[in-house]
Amino acid sequence: MRQLRVAKRLAERVHACRACGLLGDRDAIAAVLASFVVFAEPGQPSSARVDYAATTHALGAIRSALSRSCLLGWQDTLSESTDLSAREG
């Protein structure tokens, strides 16, 4: 799969890949792609790259994981801790 970067404004919440047709919440897609990061040189963060061959192989599972039905209910997920902070004791 050819890497194709598309710049987005922060307000744009949906990612639609022109290369593979993947459609979904951009943060969820970014998290999935992060799980496919490999290092050309172990211990060298600058050598990190997404293994697009592996993502292509897993595209069906990625689509299933990101399907709309799997994401229902996420809007109720807490966005921050409800526990006391260090300043509050």
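These numbers come from a predicted model, not from an experiment.

*Asks:* What should I look at first to understand the nonpolar core in this one?
*Replies:* Nonpolar side chains in soluble globular proteins generally cluster together in the buried interior. Core analysis: the biggest nonpolar cluster contains 11 residues, these being Cys17, Cys20, Leu22, Ala28, Ile29, Val32, Phe36, Ala58, Leu59, Ile62 and Leu66. Looking at this core, the elements with two or more residues in it are α1 (26–34) and α3 (59–65). When residues of this core are assigned to their parent elements, the largest contribution, three residues, is made by α1.

*Asks:* Please clarify how the side chain of His15 should be interpreted in this entry.
*Replies:* Inspection of the secondary structure puts His15 in strand β1 (residues 14–16). Among the polar contacts made by the side chain of His15, one reaches the side chain of Lys8 at a distance of 2.7 Å.

*Asks:* Would you explain the environment of Thr55 in this entry?
*Replies:* For Thr55, a relative accessible area of 5% translates into the label buried. Residues Thr55 and Val37, spaced 18 residues apart in sequence, show a C-alpha to C-alpha distance of 9.9 Å. At 2.8 Å, the side chain of Thr55 and the backbone oxygen of Tyr52 are in polar contact.

*Asks:* I tried to follow the pattern of salt bridges on my own but got confused; where do I start?
*Replies:* Opposite charge on two side chains permits them to pair, given that their charged atoms come into close proximity. Considering all chains together, one arrives at three salt bridges under this definition. The salt bridge partner of Arg9 is Glu12, with a shortest N-O separation of 3.5 Å. Judged by its relative accessible area of 30%, Glu12 is partly exposed. Among the ionic pairs, Asp27 bridges to Arg26, the shortest N-O distance being 3.9 Å. Note on Asp27: relative accessible area 42%, which makes it partly exposed. Exposure remark for Arg26: the relative accessible area of 18% places this residue in the buried category. Each of Arg13, Arg26 and Asp27 takes part in one network of salt bridges that share partners.

Basis of the calculations
Residues numbered from 1 in each chain as written. Predicted model: local features only at pLDDT ≥ 70, side-chain atom pairs only at ≥ 80, totals over all residues. Heavy atoms only, no water. Core = buried A, V, L, I, M, F, W, Y, C linked by side-chain atoms within 4.5 Å. Buried < 20%, exposed > 50% of the residue type's maximum accessible area, 1.4 Å probe, protein only. Helix = DSSP H or I, 4+ residues; strand = E, 2+ residues; numbered from the N terminus. Polar contact = N/O pair within 3.5 Å; in protein donor to acceptor, adjacent residues only side chain to side chain. Salt bridge = Lys/Arg side-chain N within 4 Å of Asp/Glu carboxyl O.

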